[in-house]
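Coordinate inspection notes
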Amino acid sequence: MKIAIISVSFKGKKLAHQLKEKLDKDSTIISTVLYHKNVRKYFQLIFYEYDAIIAIMASGILVRSIAPLIESKVTDPAILNIDDNGNFVISVLSGHLGGANELCGKVSRLIDATPVITTSTDVNKKLGIDTLAKDLYLSISNTNEILHFNKAILDNKRIFIKLNDKSNYDYLYEYLSKVTLEIDVLISQSSKIDPNEILCRVENHELTLIPKKIIVGIGCRRGKKCEEIEEKLDMALNTLNLSKSRINGLASAEIKKDEKGILNLAKKLDISVNFVELDKLRLFSSKNVQKSEFVYSKFGIYGVCEPSALITAGFDSKLIYKKTQNDGVTISIAVSK
């Protein structure tokens, strides 16, 4: 998640710096950028450029600033509002699909504040269909149906889910078995369902969930064993609350194509591994990729795991877990658009 933090007062600016320092230590936070004053001007610049905006200011200033910019729950960034003293963190916009509610909880814990969340499914401890989609990185074919589905969930109505009988949806079963929020779901399987889709129905309403491609980028020292790499992968997936069965592939640079640890991990997980050509890595450019002068001095490229993951995930993909190094293994995770 790319985050912009914007403040107005001196106290707010100080809080913004403290919050940035804490967020930058989180592997799921790809970048944080600070803005101060000139609120209306900056909101017009940052509203469509960041996944989330944290506004440390009076709620009236925030509401008037974003009102002309709001378009849709599908495209609007997550918006949080924090008072100057850091007493309350309010989820204002894009609570589910944009991730504002989850970020609200995270930020409130970091600054020891009270989280304020008002979405009906959350306050009634229900699992919204858009929350499920967001948590599992699924796109929604018909977002106009979200409201009807969530209303049905609030009314304790059963949601019917159909899966292709030959596709691996273990991650969905695992997620539903662990989630603490209430939802009445009946899952069935059929060969008639597209293997790349999850069909959801309630009463006479339908929507389709489509899994996005999730790619794990890997870099490692020579000779790292499969078990050592898998241990670091598990740590990353635990942070994201994702199952291994949700991974679509592994990626690394072609200089690692003979690395047995990576090859054995791909075999163990029964997924493909893409070793990206060095020329493609040299040409790849993204301001969100961390550059390593050490890697450049050895191979002429600025990175392995992040650019490999992004290239393999496809055009306009983004990082959901930035490069994190641990005992000679680096892991990053990218998701397709």
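Refer to the structure above for everything that follows.
The structure contained in this document is the topic of the report that follows. Predicted, not measured: the structure shown is a model, and the values here were computed from it.

1. Some points on the packing of aromatic side chains
Within this structure, the stated rule accounts for four aromatic pairs. Seen from their ring centres, Y35 and Y42 are 5.0 Å apart, and the 55° between their planes marks the pair as tilted. With respect to burial, Y35 and Y42 carry one shared label: buried. Relative to Y50, the ring of Y35 lies with its centre 6.2 Å away and its plane at 85°, an arrangement referred to as edge-to-face. Of the two residues, Y35 sits in strand β2 (residues 31–36) while Y50 sits in the loop between α2 (39–46) and β3 (52–56), which places them 15 residues apart along the sequence. For Y50, a relative accessible area of 14% puts it in the buried group. The rings of Y35, Y42 and Y50 are connected pair by pair, giving a single aromatic cluster. Across from the ring centre of Y42, 5.7 Å away, lies the NZ or CZ of K41, which sits over that ring. The ring of Y171 is capped by R246, whose NZ or CZ atom sits 5.2 Å from the centre of that ring.

2. With respect to the pairing of strand β13 (residues 249–253)
For β13, a buried count of five out of five residues is recorded, marking the element as mostly surrounded by other parts of the structure. Looking at chain direction, strand β12 (residues 214–220) and β13 are connected through three bridges and run parallel. Looking at the pairing, V216 lines up with L250 of β13. In this view, the connection linking β12 to its parallel neighbour β13 by way of helix α9 (residues 226–240) has right-handed handedness. One ladder, built from five bridges, connects β13 with strand β14 (residues 272–276); its direction is parallel. Residue pairing for β14: G249 is matched across the bridge by S272. Between the parallel pair β13 and β14, the chain is carried across by helix α10 (residues 260–269), and the sense of this crossover is right-handed.

What counts and how
- Residues numbered from 1 in each chain as written.
- Predicted model: local features only at pLDDT ≥ 70, side-chain atom pairs only at ≥ 80, totals over all residues.
- Heavy atoms only, no water.
- Phe/Tyr/Trp six-rings, centres within 6.5 Å; stacked < 30°, edge-to-face > 60°.
- Buried < 20%, exposed > 50% of the residue type's maximum accessible area, 1.4 Å probe, protein only.
- Helix = DSSP H or I, 4+ residues; strand = E, 2+ residues; numbered from the N terminus.
- Lys NZ or Arg CZ within 6 Å of the ring centre and 35° of its normal.
- Pairing = 2+ DSSP bridges.
- Right-handed = clockwise from strand over helix to strand, strands pointing away.

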